[in-house]
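# Commentary on secondary and tertiary structure
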Amino acid sequence: MNSKQEQMKNKPIFSLLVSMAIPMMFSMLIQALYNIIDSIFVARLGGDALTAVSLIFPLQNLVIAIAVGFGIGVSSCISISLGSQNTERASRAASIGVVCSIVHSVLFVIFGLVATKPFLSLFTDDPEILKMGTSYGKIVLCFAFGCVIQVCYEKIFQALGEMTVTMYVLAIGAIINIILDPIFIFGYFGVPAMGVNGAALATITGQISGFILYLIMYRRKCKKLPIHINIKEAKMDTFILRQLYSVGIPSSIMLALPSVLVSILNSLLVTFSQVHVSVLGIYYKLQTFIYLPAGGIVQGMRPIVGFNYGAREMERLRKTLRVSLLFTAAIMALGTVLSLAIPAQILGMFDADATMLEIGVPALQIISCGFLISSFGVIYSGAFEALGFGIKSLVISLSRQFVILIPLSYVLSRYMGANGVWVSFPISETIAAVISIVMMRKALNDIEKVK
């Protein structure tokens, strides 16, 4: 058992979670900053450009959802295997995970070429928006291999407790993206101005850079790691594949829900105005500042939960959940205060005009009322993934972002206008929180009975 595994088993939970989560929170905040800056630069190209990028967001998020969801499956299998002292199975899981990610990348090329324009045509018939959105979408989808394989390596390193490595790689990739955005979009240093295509090129360049950095870091550290990745000798193990996809598929569906949700909500909001669609797109950029740091806590928590579940250290598992909830609640409370206190200033970063402020300020204030209560759904959903209970995680996410939110938005929008959509967010989070608490209590009791 190496030093990282010893820490998973014996280091005090508070300090262990801090050491695992803080690097991830830092890197996720930088990524959130990239998302905001990217939209700010695109907004300066005009309203049509911002709308085009907002409409393609669901497909872009779908790539990330499948990559991260599958990566979570890989991470869960590795963590549980290491907790039960089975390093051979952990190595096989990592190798098979990388091979599957390469296959996924090829499928995204086909998907990008075939699906981008038909998808956008569902939401707009404006030729300029359609042209910009199609070219942007094809670039980010057809060159998604940088994102997909990078995320697989990211989850492997996280499962091993190597959070500092993932922090550096994510931060460097995001910084490269931020630097290249204005250069490629507006044309500096002899580079031609490429508009929204420039934003797409900056994105994939940052992702490919991160992928290359992970390959370098693995080669440097491979002799010190408890597992080894060898894609040439990776044999398809049906048991491991079942483990990877039993968590990966529900996790991918969970992460893809915002894509489906945004598409459906866009179809509701567009009946009020195109500005409402832009406001929703901006909100999903803004909320990354809140949910990505919370996601950093979840990423720091998962290896601890998975390892201690494999080692059957139930008291440490329970304490990890309690501490993670407190950290997440603190972040959500801060996000709520800022959204209620300075919504106009926040929206002003996107050059919001009077019409957008009139719509966006109440939208942000209403939606933010659900941030704090969402802590339960966020943490317990991530914990179920770490435990290998992908379906339970999916149930929570469906409750938060689909089963309740969509029909409620439809009904309330008929009586309250667009505000009915915004009100549906905190109501859905509250109901999902109750469901997640009940499910987690039952799951932990069941685990202890068979300990």
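Quick look at the structure, then. Residue indices begin from 1 for each chain and proceed along its sequence in written order. Predicted model: local features are reported for residues with pLDDT of at least 70 only, side-chain atom pairs are reported and counted for 80 or more only, and whole-chain, interface and lining totals are derived from all residues. Derived side-chain values reflect all non-hydrogen atoms in the structure, with water molecules and hydrogen atoms excluded from consideration.

### A word on the nonpolar core
- Within the largest apolar cluster, 136 residues are counted, with the highest numbers of intra-cluster contacts made by Ile-78, Ile-156, Leu-321, Trp-422 and Phe-425.
- Only runs of H or I of at least four residues qualify as helices and only runs of E of at least two qualify as strands under DSSP, and these elements are numbered from the N terminus. Examining the composition of this core, we find that 18 residues originate from one element, helix 3 (residues 47–83), more than from any other.
- A contact between two residues is defined here by any heavy atoms of the two lying within 4.5 Å. Ignoring any residue separated from it by four or fewer positions in sequence, one finds Trp-422 in contact with Leu-269, His-276, Val-279, Leu-280, Ile-359, Ala-363, Ile-366 and Ile-367. Only buried Ala, Val, Leu, Ile, Met, Phe, Trp, Tyr and Cys residues count toward a nonpolar core, and they belong to the same one when joined by side-chain atoms within 4.5 Å. The classification of residues rests on relative accessible area computed with a 1.4 Å probe and restricted to protein chains. Under 20% of the type maximum is buried, over 50% is exposed, and intermediate values are partly exposed.

### Quick look at the state of the cysteines
- Disulfides are defined as pairs of cysteine sulfur atoms found within 2.5 Å of each other. Scanning the model with the defined rule gives zero disulfides in all.
- Summary of cysteine pairing: Cys-147 is not part of a disulfide, and the nearest cysteine sulfur, belonging to Cys-152, is at 11 Å.
- For Cys-152, a relative accessible area of 1% corresponds to the buried category.

### Focus: the environment of Ser-399
- Among the structural elements, Ser-399 can be located in helix 16 (residues 390–401).
- In this structure Ser-399 comes out as buried when scored by relative accessible area, which is 8%.
- It is 9.8 Å that separates the C-alpha atoms of Ser-399 and Thr-430, two residues lying 31 residues apart in sequence.
- In contact with Ser-399, other than residues within four places in its own chain, are Ile-404, Ser-428, Ala-432 and Ile-435.
- Definition of a polar contact: a pair of N or O atoms within 3.5 Å, with one able to donate and the other able to accept a hydrogen when the atoms are protein atoms, and with sequence-neighbouring residues admitted only if both atoms are side-chain atoms. Reaching out from Ser-399, the side chain makes a polar contact with the backbone oxygen of Val-395 at a distance of 2.8 Å.

### Side note on the layout of surface pockets
- As a volume, the largest pocket reaches approximately 280 Å³.
- Among the secondary structure elements, those contributing two or more residues to the lining of the largest pocket are helix 2 (13–43), helix 10 (274–286), helix 11 (288–310) and helix 12 (314–341).
- With five residues, helix 12 is the single largest residue contributor to the lining of the largest pocket.
- Across the lining of the largest pocket, the residue classes tally to 15 nonpolar, three polar and no charged. The pocket and cavity definitions rest on a 1 Å grid over protein atoms only: a 1.4 Å probe that fits but cannot leave marks a cavity, an open set with protein on both sides within 12 Å along at least five of seven lines marks a pocket, and residues lining either have an atom within 4 Å of a point. Grid points are joined across faces, edges and corners, and a volume is the space filled by probe spheres set on the points. Ten residues, namely Ala, Val, Leu, Ile, Met, Phe, Trp, Tyr, Cys and Pro, are considered nonpolar, four, namely Asp, Glu, Lys and Arg, are considered charged, and the remaining ones, Gly among them, are considered polar.

### A short note on a nonpolar patch on the surface
- To count toward a patch, a residue needs a relative accessible area above 30% and no salt bridge. Like charges then connect within 9 Å, nonpolar side chains (Val, Leu, Ile, Met, Phe, Trp, Tyr) within 5 Å. To measure how exposed things are, a 1.4 Å probe is used in the Shrake-Rupley method; for residues, cover is taken only from the protein chains shown. What counts as a salt bridge is simple: a side-chain nitrogen of Lys or Arg found within 4 Å of a carboxyl oxygen of Asp or Glu. Together, Val-103, Val-106, Leu-107, Val-109, Ile-110, Leu-113 and Val-114 line one region of the surface with nonpolar side chains, adding up to about 620 Å² of accessible area.
- Within the secondary structure, Ile-110 is located in helix 4 (residues 87–121).

### Topic: the side chain of His-104
- With respect to the helices and strands, His-104 occurs in helix 4.
- In this structure His-104 comes out as buried when scored by relative accessible area, which is 13%.
- A polar contact of 3.0 Å, which involves the side chain of His-104, links it to the side chain of Tyr-245.
- Other than its neighbours up to four places away in sequence, His-104 contacts Phe-70, Val-148 and Tyr-245.

### A look at the environment of Val-63
- Mapped onto the fold, Val-63 is located in helix 3.
- Take Val-63: its relative accessible area is 4%, and that puts it in the buried class.
- Counting along the chain gives 120 residues from Val-63 to Ile-183, while the straight-line C-alpha distance between them is 25 Å.
- The residues contacting Val-63, other than those within four sequence positions of it, are Phe-108, Leu-141, Ala-144, Cys-147 and Val-148.

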